[in-house]
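Structural features, examined
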Amino acid sequence: MNQMNMNQMNMNQTGMNQMNMNQPQGTKSKKGIIIAVIAAVLVLGIGIGAFFITRSKNAEEDEAAEIYSSKSAKSADITAAGTIKTAVDSALASERAYDEVQELARYSDSSAGEKVVEVRDGEISAYGRYFSDEVKSNLSTVPKVKYTKEGAESFCVYVDSIGQITVCIESDNAKWTIQPTICADYQ
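Since we're looking at a predicted model, the values are computed, not measured.

1. Some words on the packing of helix H3 (residues 95-106) against helix H4 (residues 129-138)
The description of two packed helices rests on the angle between their axes and on the distance between the axes. Close contact between H3 and H4 brings their axes to 7 Å; oriented N to C, the two are set at 120°. Classified by the angle between their axes, H3 and H4 sit oblique to one another. Here the hand of the crossing between H3 and H4 comes out left-handed. Here H3 contributes Arg96, Ala97, Glu100 and Val101 to the contact with H4, which in turn contributes Arg129, Tyr130, Phe131 and Glu134. Here the residues of the contact of H3 with H4 sort into 4 nonpolar, no polar and 4 charged.

In structure tokens form, the structure reads like this:
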């Protein structure tokens, strides 16, 4: 029986050797390499595609976040301008403060009026001793400009010859009216 098993094994090996002889040597390894390269290219292609899809999605999210951030900063500035206007209105309720500002505004040549308050870098500077004291006491916190992308750096309050108060946000070379109405450029 052992002899018979040995003969069968020899026949099986001979058959295998004959099958291997029919193929040129190295064909199996070349096919394996080609399949591995194709698989690697597919995986790399999928990875690159996923990277660009993710990057595109992140760019859209970044753009949306920037728009939201800009709108939020502008909204905060509009609220702060309203607070500053209220502080100036309240300060003008003092007769001494009103007289100081009215004297300045009465002789104004500017259509916008005279600048009576500037809030820059958390500091308030205001025209006149009494008016300045009143404005500072009416502002519990000093606001700072939040939307600074276009160079905005300060809140400025103007009073014209008829007593109208206008609050603007200014840069070195631009001015946006915020109170009593918001200019279209700032919306």
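After that view of the structure, there is still more to cover.
2. So, H4
Those residues of H4 not exposed but buried are Phe131, Ser132 and Val135. Taken down its axis, H4 places every buried residue within 100° of arc, on the same side. Every exposed residue of H4 that faces more than 90 degrees away from the buried side is listed here: Arg129 and Ser137.

3. Here we look at the sheet that holds strand E4 (residues 165-170)
Pairing in this open sheet of 5 strands is antiparallel, and the strands run E2-E1-E3-E4-E5 from one edge to the other. Looking at the sheet topology across the chains shown, the edges are occupied by strand E2 (123-126) and strand E5 (175-179). On average, each strand axis in the sheet is tilted by 25° relative to the strand beside it, whichever way the strands run. In this sheet, E4 lies alongside strand E3 (residues 154-159) in antiparallel orientation, the contact comprising 6 bridges. For Phe155, the partnering residue across the bridge sits in E4 and is Ile169. The strands that H3 touches are strand E1 (114-120) and E3; relative to E1, the one it contacts most, it runs at about 120°.

4. Thoughts on the environment of Lys149
Looking at where Lys149 falls in the secondary structure, it is placed in the loop between H4 and E3. For Lys149, a relative accessible area of 54% gives the class exposed. Taking the C-alpha atoms as reference, Lys149 lies 8.5 Å from Ser70; in sequence the two are 79 residues apart. Residues contacting Lys149, with those up to four places away along its chain left out, are Glu66 and Ser70.

Conventions adopted
Residues numbered from 1 in each chain as written. Predicted model: local features only at pLDDT ≥ 70, side-chain atom pairs only at ≥ 80, totals over all residues. Heavy atoms only, no water. Axes fitted to C-alpha atoms, helices over the stretch in contact; angles between N-to-C directions. Helix = DSSP H or I, 4+ residues; strand = E, 2+ residues; numbered from the N terminus. Parallel < 35°, antiparallel > 145°, perpendicular 65-115°, else oblique. Left-handed = near helix turned anticlockwise from the far one by under 90°. Contact = heavy atoms within 4.5 Å. Nonpolar A, V, L, I, M, F, W, Y, C, P; charged D, E, K, R; others polar. Buried < 20%, exposed > 50% of the residue type's maximum accessible area, 1.4 Å probe, protein only. Arc of directions from axis to C-beta. Pairing = 2+ DSSP bridges.

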